[in-house]
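Each chain is listed here by its residues.
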Amino acid sequence: MSESALRLVWIYPDLLSTYGDRGNVLVVERRARQRRLEVERIDVRSDQPVPTSGDIYLIGGGEDRPQRLAGERLRQDPGLGRAIENGAIVFAVCAGYQILGHEFIDDRGERTAGLGLLDVWSTRGESKRNVGDIVAEPDPRLGLPTLTGFENHQGVTHLGQGVSPLARVSVGGGNGTGDGTEGAWRDTVFGTYLHGPIMARNPIVADLLIKLALDVSALPPVDNTWYDALRSERIAAAQSAS
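Residues numbered from 1 in each chain as written. Predicted model: local features only at pLDDT ≥ 70, side-chain atom pairs only at ≥ 80, totals over all residues. Heavy atoms only, no water.

1. Some remarks on the sheet that holds strand β8 (residues 130–138)
Move 1: As summarised here, the arrangement of the 4 strands in space is β9-β8-β11-β12, forming an open sheet in which the pairing is antiparallel. Across the chains shown, the open sheet's two edge strands, defined by having one partner strand only, are β9 (147–153) and β12 (181–182).
Move 2: Summarising the sheet, β8 and β9 pair through 7 bridges and their orientation is antiparallel. Within β9, the position partnered with V135 by the bridge is T148.
Move 3: Strands in contact with helix α7 (residues 225–241) are β8, β9 and β11 (167–171); relative to β8, the strand with the most contacts, it is inclined by about 115°. (Pairing = 2+ DSSP bridges. Helix = DSSP H or I, 4+ residues; strand = E, 2+ residues; numbered from the N terminus. Contact = heavy atoms within 4.5 Å. Axes fitted to C-alpha atoms, helices over the stretch in contact; angles between N-to-C directions.)

Here it is, written out as structure tokens:
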């Protein structure tokens, strides 16, 4: 971790912040400050280099053309890859998730190279979009409860042997492959299709990232009353509608 503060890096808010995923960085920052941690937040626009000394990197979703532009610029910038080599945590949503993989389909319908930071590759589904609330059971190794979120994508993301599913859906489409998987993770790199924002609905995900960055097994408790009520309400609504 940085000597002076927990460094949160929000990558390309000018391109990848279409679906409210900026809320994720706000929640991580809030959860850290509730534990009296000093936090330095860095918003990196697409014309700026990605710093290599961050502790937690967050990437949001976006439309197809901004996704292509973000992918092009990140491929030319070694900062994120070097940060991972330094032990940084990366959490990416939807378009950001696809960019972390080997390739995705861009706004021109062409296969576009990703960053290869997760062993996944994304195609475009031929059927209807996956739109609506999603409920998923996380990989038990992560120590997370049932997750709730909102998905809006037509991507189909295939997982290679180098990653594990982040979760398995009980409601929703997830990765779109029909096998019930949602997202992917390996070591300190995570990808998901869950908007919501995911960390507003599931703040324990933010806590997980903070624990990994601090290399601790637990954080001081905080009041989760409001978060728990929201999470329970969204899970119940999704399950009743399915």
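Past the structure itself, the notes keep going.
2. Looking at the UniProt feature "binding site: substrate" (unreviewed entry) in the protein
Move 1: With numbering matched to this structure, UniProt assigns "binding site: substrate" (unreviewed entry) to R129.
Move 2: Along the chain, the position of R129 falls in the loop between β7 (120–124) and β8.
Move 3: A relative accessible area of 39% means that R129 is categorised as partly exposed. (UniProt positions renumbered as here; feature names shortened; annotations may be inferred. Buried < 20%, exposed > 50% of the residue type's maximum accessible area, 1.4 Å probe, protein only.)

3. Brief notes about the UniProt feature "active site" (unreviewed entry) in the protein
Move 1: Taken from the UniProt record, the annotation "active site" (unreviewed entry) applies to C94 and H195. A maximum C-alpha distance of 7.8 Å places the annotated residues, which cover 102 residues in sequence, within one compact spot. When only the residues just named are considered, the largest pocket is lined by C94.
Move 2: Considering the arrangement of structural elements, one finds C94 in the loop between β4 (89–93) and α4 (95–100).
Move 3: Classification of C94 by relative accessible area gives buried; the value is 6%.
Move 4: Non-local contacts of C94, meaning those with residues more than four positions away in its chain, are made with G61, N152, H153, T192, Y193 and H195. (1 Å grid on protein atoms, 1.4 Å probe; cavity = no way out; pocket = protein on both sides within 12 Å on 5 of 7 lines; lining within 4 Å.)

4. Side note on the pairing of strand β2 (residues 39–44)
Move 1: Strand direction decides the pairing type here: strand β1 (residues 6–11) and β2, joined by 6 bridges, are parallel. Looking across to β2, one finds that V9 is bridged to I42.
Move 2: Between the parallel pair β1 and β2, the chain is carried across by helix α1 (residues 22–34), and the sense of this crossover is right-handed. (Right-handed = clockwise from strand over helix to strand, strands pointing away.)

5. Quick word on the layout of surface pockets
Move 1: Taken as a whole, the largest pocket holds about 280 Å³ of empty space.
Move 2: Surrounding the largest pocket, 16 residues form its lining, D64, Q98, R129, Q154 and G155 being those nearest its centre.
Move 3: For the lining of the largest pocket, the secondary structure elements donating two or more residues are α2 (64–75), α4, β7 and β9.
Move 4: For the lining of the largest pocket, a count of residues per class yields 4 nonpolar, 8 polar and 4 charged.
Move 5: Within this model, the second largest pocket holds a volume of roughly 220 Å³.
Move 6: What lines the second largest pocket is a set of 16 residues, among which R31, P203, I204, D207 and N224 lie closest to the centre.
Move 7: At the level of secondary structure, the elements contributing two or more residues to the lining of the second largest pocket comprise α6 (203–214) and α7.
Move 8: For the lining of the second largest pocket, the residue count by class is 8 nonpolar, 2 polar and 6 charged. (Points joined across faces, edges and corners; volume = space filled by probe spheres on them. Nonpolar A, V, L, I, M, F, W, Y, C, P; charged D, E, K, R; others polar.)

6. Overview of the sheet that holds strand β13 (residues 184–186)
Strands in a sheet are paired, the pairing made by backbone hydrogen bonds, and the direction either parallel or antiparallel.
Move 1: One open sheet accounts for 6 strands, arranged β2-β1-β3-β4-β14-β13; its pairing is mixed. Every other strand in the sheet has two partners, leaving β2 and β13 as the edge strands with one partner each. Between one strand axis and the next, the sheet turns by 10° as a mean value, whatever way the strands run.
Move 2: By the bridge criterion, 4 bridges tie β4 to strand β14 (residues 189–192) in an arrangement that is parallel. In the strand pairing of β14, V90 is matched with V189.
Move 3: This element, α1, spans β1, β2, β3 (56–59) and β4 of the sheet and lies at about 165° to β2.

7. Examining the environment of G79
Move 1: Residue position: G79 is located in helix α3 (residues 79–85).
Move 2: Judged by its relative accessible area of 2%, G79 is buried.
Move 3: Sequence-wise, G79 and P49 are 30 residues apart; in three dimensions their C-alpha atoms are separated by 7.0 Å.
Move 4: The residues contacting G79, other than those within four sequence positions of it, are V50, P51 and T52.

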